[in-house]
Amino acid sequence: MMKHPPMEHAASAIDFEHPPADPMTAFRRWFDAAHEATTLPNPNAMSIATVDPDGRPSVRVVLCRGIDDRGLVFYTNRQSRKGEALRAHPRACANFHWDPLDRQVRIEGSVTHATEAESDAYWESRPRENRVNACASQQSRPVATRAALEEAVREFEARFEGKPIPRPPHWGGFRIALERIEFWQGHRHRLHDRMAYLRTGDGTWTCTRLSP
Ligand SMILES: Cc1cc2nc3c(=O)[nH]c(=O)nc-3n(C[C@H](O)[C@H](O)[C@H](O)COP(=O)(O)O)c2cc1C
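Residues numbered from 1 in each chain as written. Predicted model: local features only at pLDDT ≥ 70, side-chain atom pairs only at ≥ 80, totals over all residues.

Regarding the overall build of the protein chain
- What the protein chain contains, in helices and strands, is 5 helices and 10 strands.
- Looking at the protein chain residue by residue over its 212 residues, the buried ones come to 23%.
- Long-range contacts, defined as pairs at least 24 residues apart, comprise 59% of the intrachain contacts of the protein chain with a sequence gap of at least 6. (Helix = DSSP H or I, 4+ residues; strand = E, 2+ residues; numbered from the N terminus. Buried ≥ 20, exposed ≤ 12 C-beta atoms within 10 Å, placed from the backbone. Contact = placed C-beta atoms within 7 Å.)

Topic: the site of the ligand
- Within the structure, the ligand sits among 15 residues, and Thr 76, Ser 80, Arg 81, Lys 82 and Ser 140 are positioned closest to it.
- Counting only elements with at least two residues in the shell around the ligand, the list comes to strand E2 (57-63), strand E4 (71-77) and helix H2 (81-88).
- At 5 residues, the largest contribution of residues to the shell around the ligand is made by E2.
- Taken together, the residues of the shell around the ligand break down into 6 nonpolar, 6 polar and 3 charged. (Near = placed C-beta within 6 Å. Nonpolar A, V, L, I, M, F, W, Y, C, P; charged D, E, K, R; others polar.)

A word on unusual backbone geometry
- One non-glycine residue, Asp 102, lies in positive phi territory at about 55 degrees.
- Locating Asp 102 in the fold gives a position in the loop between strand E5 (91-98) and strand E6 (103-113).
- Even without being a glycine, Arg 190 presents a positive backbone phi close to 65 degrees.
- On the secondary structure map, Arg 190 appears in the loop between strand E8 (180-185) and strand E9 (193-199).

Quick word on the pairing of E5
- Only one face of E5 is buried, namely the one carrying Ala 92, Ala 94, Phe 96 and Trp 98, since none of Arg 91, Cys 93, Asn 95 and His 97 on the opposite face is buried.
- In terms of strand pairing, strand E1 (residues 45-51) meets E5 through 3 bridges, oriented antiparallel. When the bridges of E5 are listed, Ser 47 appears paired with Asn 95.
- The sheet contact formed by E5 and E6 spans 8 bridges and is antiparallel. Bridge pairing in E6 places Cys 93 opposite Glu 108.
- Linking two consecutive strands that pair antiparallel, namely E5 and E6, is a turn of 4 residues; a positive phi of about 55 degrees is found at Asp 102 within it. (Pairing = 2+ DSSP bridges.)

Considering the nonpolar core
- One finds Trp 30, Leu 72, Phe 74, Ala 94, Val 105, Ile 107 and Ile 176 to be the most contacted residues of the largest nonpolar core, which totals 30 residues.
- Counting residues per element, the ones that place at least two in this core are helix H1 (23-36), E1, E4, H2, E5, E6, strand E7 (171-176) and E8.
- Of the residues forming this core, the biggest block, 6 residues, is contributed by H1.
- With residues near it in sequence (within four places) discarded, Ile 107 still touches Leu 72, Ala 94, Ile 176, Leu 178 and Ile 181. (Core = buried A, V, L, I, M, F, W, Y, C linked by C-beta atoms within 7 Å.)

See below:
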């Protein structure tokens, strides 16, 4: 059965013949539609590609927790594999795939730390259990058994019982700057629409239609 964007999503369609001057106008329209017009459990999920210190690519899914003109923000353990990769090569590529809408967006740019205030605010917004687990888990490092992981959580809980759980210095946000943004809309028989925005030196955007 061939796939094509269902009619009810026409409201959030982008006019690829007359693209908006600012790609974030289009991105927000699609991002909002992914939340409002689909039953995707994590419409803010994005695959983040990085380059490991030895030059190998690696990719994983994270949740996009902030979007503005400065970029996309996600939160993680900065001592994780992705954290080590970003320390060595501070650039990333994020890919959103909203299958029910037959849409994909790819965003590329250099990566910086989110501000301390942003990381603190997001940390405080998380349930206590999540904060405990984030502290107890040495993300991406070997752990012998599930029992060992749960024991580390229990130890941490005992140590911090009745006390606030401070954000570890190695846990926080990364921001991917908006340097290249590409939109993909699936169509019948693979005659898809694509366009890529590139940020120019003066901060404005150029937009180029691409063959599917
Ligand atoms: C839907 C989904 C959302 C996730 N969100 C996050 C996230 O926001 N931050 C995070 O550190 N890991 C998140 N993960 C786990 C990552 O995919 C990954 O396993 C982890 O961050 C370790 O990656 P690394 O070893 O490449 O650093 C998520 C996984 C899935 C499937």
